[in-house]
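Descriptive structure summary
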Amino acid sequence: MNSEEIIKQLNELSFISNELEVAESDRLRMIKTVSDYANKFLSGLDDLKVFSERKPGSLVIKNKKRSLEELLNVYQAEVAETGINAASGKHLGYIPSGGIFTAALADFIAAVTNPYASVYYASPGAADIEKEVINWLKKVFSFPESSVGNLTSVGSVSALIAFTAARDKHKIKNELIQKSVVYLTEQVHHSVQKVLRIIGLEDIIIRYVELDENHRLKTNSLIKTIEKDISSGLNPFLVVGTAGTTDTGAVDPLNEISEIAKQYKMWFHVDAAYGGFFILTSKKDLFKGIENADSLIIDPHKGMFIPYGVGAVLIKDKNSVLHSNYYTANYMQDAVTEEMIKSPANLSPELTKHFRGLRVWLPLQIHGVEPFVACLEEKLLLVKYFRNKLSELGFKVGPEPDLSVSYFWYPFKFDSNEKNKQLMKEIHADGDVFLSSSVINGQFVIRIAILVFRTKKETIDKAVKMIERCLEKVMSR
Ligand SMILES: *Cc1c(COP(=O)(O)O)cnc(C)c1O
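Sequence order sets the numbering: in each chain, residues are counted from 1 along the sequence as written. Since the coordinates come from a predicted model, pLDDT governs what is reported: local features require at least 70, and pairs of side-chain atoms require 80 or more to be given and counted, while whole-chain, interface and lining totals use all residues. Side-chain descriptors were evaluated using all non-hydrogen atoms of the structure, hydrogens and water having been removed beforehand.

Strand pairing is assigned whenever DSSP identifies at least 2 bridges connecting the two strands. Where helices and strands are cited, they refer to DSSP runs of H or I of at least four residues and of E of at least two residues respectively, numbered from the N terminus. Strand order in the open sheet made by the four strands is β10-β11-β13-β12, with antiparallel pairing throughout. Looking along the sheet, the strands with just one partner apiece sit at the ends: β10 (396-397) and β12 (436-440). Whether two residues touch is decided by their heavy atoms; if any such pair falls within 4.5 Å, the residues are in contact. Helix axes are fitted to C-alpha atoms over the stretch in contact, other axes to C-alpha atoms as well, and angles between N-to-C directions run from 0 to 180 degrees. With respect to the sheet, helix α16 (residues 416-430) is in contact with β11 (405-409), β12 and β13 (443-449), its orientation differing from that of β13 by roughly 30°.

So this is what it looks like as structure tokens:
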């Protein structure tokens with residue numbers, strides 16, 4: 001092909017390909033369309049059902065051009081209005097958070113400017129924004145400056161980075177895997193067992209330590225179990241403490257566990273994915289000892305109300321993190337430099353990554369910390385308020401929770417589990433607020449997890465009314 005022919009073809013192609021570079025007037029129109037959509041969505045949030053079924057429709061990609069307006073209508077009908085409405089304050093199931101608006105703006109800016117956030121040389125500013133978020137987290141949890149951290153997509157990936165570091169620091173490989181022991185409780189999040197399998201520790205021994213009546217790890221049981229394992233020639237390796245369990249909102253006695261871990265030379269991991277940010281509230285004392293953890297995970301997409309897709313991990317031993325993630329295979333421990341840890345890619349399995357630092361950094365800079373803390377304090381009071389109201393109605397409630405998750409059931413005279421299941425079904429069918437269920441000590445219970453920043457007293461009043469309404473239905477059968 002000669003140059004003339006090439007130029008001719010290029011001209012023809014660019015006529016089509018230029019469509020991807022949206023012109024300024026179209027950009028303005030599209031942003032207005034999206035902004036109008038977002039405003040309509042947000043102001044209509046309270047009127048939307050919090051849970052609805054989906055009838056599949058027109059999401060298929062058919063290589064036929066469709067307008068933004070049409071697609072937003074499709075999106076509203078088939079995504080925004082189906083399943084659980086996770087932006088709503090009426091989402092009180094699983095671990096909700098809402099998704100604050102300023103983080104959405106940050107995502108937009110991050111996507112438009114698209115810096116390469118994982119390598120310092122490629123975008124020193126973006127890498128430094130991530131570093132500043134990590135520095136802030138280190139201060140919040142009193143981690144030393146020498147520790148390292150990474151912003152991940154989710155808590156499960158944070159755990160993957162932490163456990164891999166623990167594995168490599170303690171050289172858990174080959175025959176040692178089957179002789180090494182991990183200490184958990186029945187209340188740990190299932191991502192813990194899942195990650196152990198993913199990182200090749202499927203054959204490790206798992207001990208479930210007893211819980212006290214508030215669903216916290218019993219430290220005397222932990223010591224007994226460790227001693228027994230040592231006398232059988234096993235290798236106590238890792239203990240996981242949870243700062244805010246998913247089911248019951250309990251915080252394990254972190255300080256005591258940290259001392260036990262130190263005494264037996266074990267790695268101490270704290271799963272603070274849900275509860276960690278409550279350290280900023282009046283519940284601070286519960287978190288004593290968290291600063292002694294070897295690794296800690298925390299989800300800004302939970303306790304900081306950032307939209308889904310950002311977790312964080314802090315680890316004290318930077319060598320072990322670099323060991324598995326630094327990209328040249330022949331890296332040597334004594335060559336660790338500040339330069340290496342400036343690039344998030346060296347501390348994570350991810351290379352090219354979403355510039356998620358901005359969605360945490362921008363909201364913190366715009367709002368300051370106070371509104372976040374006030375929201376968390378609110379949630380602590382709301383769970384108390386809810387429990388009082390339900391007790392007044394004759395419900396049984398679980399033990400006073402450490403944080404903002406609790407559970408309840410109605411003491412039906414007969415078939416209590418079956419009837420409480422029916423009550424859960426009625427609540428889901430009602431759809432005014434969303435709750436989820438669990439089984440605790442053989443009792444089917446209904447859980448309430450209050451964490452969305454939009455959840456207010458009015459929401460809880462609505463929840464109580466709905467539960468009352470649904471109870472009447474079950475009783476009248
Ligand atoms: C949510 C949660 C996780 C998992 O985090 P993801 O961000 O969903 O991967 C782990 N531990 C606890 C205690 C959690 O609440």
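What follows concerns the site of the ligand. The environment of the ligand is formed by 13 residues, the closest being Gly155, Ser156, Asp271, Asp299 and Lys302. Whenever two N or O atoms come within 3.5 Å, that pair is a polar contact, provided that in protein one can donate a hydrogen and the other can accept it, and provided that, for residues adjacent in sequence, both atoms are side-chain atoms. Here aspartate 271 contributes a side-chain N or O atom positioned 2.6 Å from a nitrogen atom of the ligand. Lysine 302 is positioned with one of its side-chain polar atoms (N or O) 2.9 Å from an oxygen atom of the ligand. The way it works is a 1 Å grid over only the protein atoms, where trapped points that fit a 1.4 Å probe form a cavity and open points with protein on both sides within 12 Å along at least five of seven lines form a pocket, and then any residue with an atom within 4 Å of a point lines it. Assignment to a cavity or pocket requires that more than half of a molecule's atoms be within 2 Å of the site's grid points. Counting atoms within 2 Å of the grid points, the majority share of the ligand lands in the second largest pocket. Of all the secondary-structure elements, those providing two or more residues to the shell around the ligand are α6 (155-169) and α11 (300-303). Residue composition of the shell around the ligand, by class: three nonpolar, seven polar and three charged. For this purpose, a residue is taken to be near a molecule or strand whenever a single non-hydrogen atom of the residue falls within 4 Å of it. Asp, Glu, Lys and Arg are counted as charged, while Ala, Val, Leu, Ile, Met, Phe, Trp, Tyr, Cys and Pro are counted as nonpolar; the rest, among them Gly, fall into the polar class.

Grid points are joined across faces, edges and corners, and a volume is the space filled by probe spheres set on the points. The final tally for this structure, using the stated rule, is four cavities of 30 Å³ or more. The computed volume of the largest cavity comes to approximately 50 Å³. Together, Asn214, His215, Thr248, Ala250, Pro399, Glu400, Pro401, Asp402, Val405, Ser406 and Tyr407 line the largest cavity. The class makeup of the residues in the lining of the largest cavity is five nonpolar, four polar and two charged. Two domains each provide a minimum of three residues to the lining of the largest cavity, namely domain 2 (107-367) and domain 3 (370-475). In this structure, the second largest cavity encloses a volume near 40 Å³. Start and end points for every domain follow an automatic or database-based domain assignment.

Right, let's get into the domain arrangement of the protein chain. One can read the domain layout of the protein chain as domain 1 (25-82), domain 2 (107-367) and domain 3 (370-475). Here the C-alpha centroids of domain 2 and domain 3 sit 30 Å apart. Buried area: the accessible surface (1.4 Å probe) lost by two parts on joining, summed over both. For the pairing of domain 2 and domain 3, the buried interface totals around 2,200 Å² over both sides, and the portion due to carbon and sulfur atoms is 66%. For domain 2, the biggest contributors to the area lost against domain 3 are Asp247, Phe278 and Phe305; these three give 30% of the whole. What makes a salt bridge here is a side-chain nitrogen of Lys or Arg within 4 Å of a carboxyl oxygen of Asp or Glu, nothing more. Counting across the interface, domain 2 meets domain 3 through two salt bridges. A salt bridge links aspartate 247 to arginine 447; the nearest nitrogen and oxygen atoms lie 3.6 Å apart.

Within the fold, threonine 242 resides in strand β6 (residues 235-242). Here the term buried applies to any residue with accessible area under 20% of the maximum for its type, exposed to any over 50%, and partly exposed to those in between, with areas from a 1.4 Å probe on protein chains only. Classification of threonine 242 as buried rests on a relative accessible area of 3%. Look past the residues within four positions of threonine 242 in its chain and what remains in contact with it is Val188, Ala250, Val251, Asp252, Leu254 and Asp271.

Let's shift gears to the pairing of β6. Across the eight residues that make up β6, a large majority, seven, are buried. The sheet contact formed by strand β4 (residues 180-184) and β6 spans four bridges and is parallel. When the sheet's bridge partners are listed, serine 180 is paired in β6 with asparagine 235. Relative to strand β7 (residues 267-271), β6 runs parallel, the two sharing five bridges. Bridge pairing in β7 links threonine 242 to aspartate 271. Handedness of a crossover is defined as follows: with both strands directed away from the viewer, a clockwise route from the first strand across the helix to the second makes it right-handed. In this fold, β6 hands off to helix α10 (residues 254-263), which returns the chain to β7; that crossover is right-handed.

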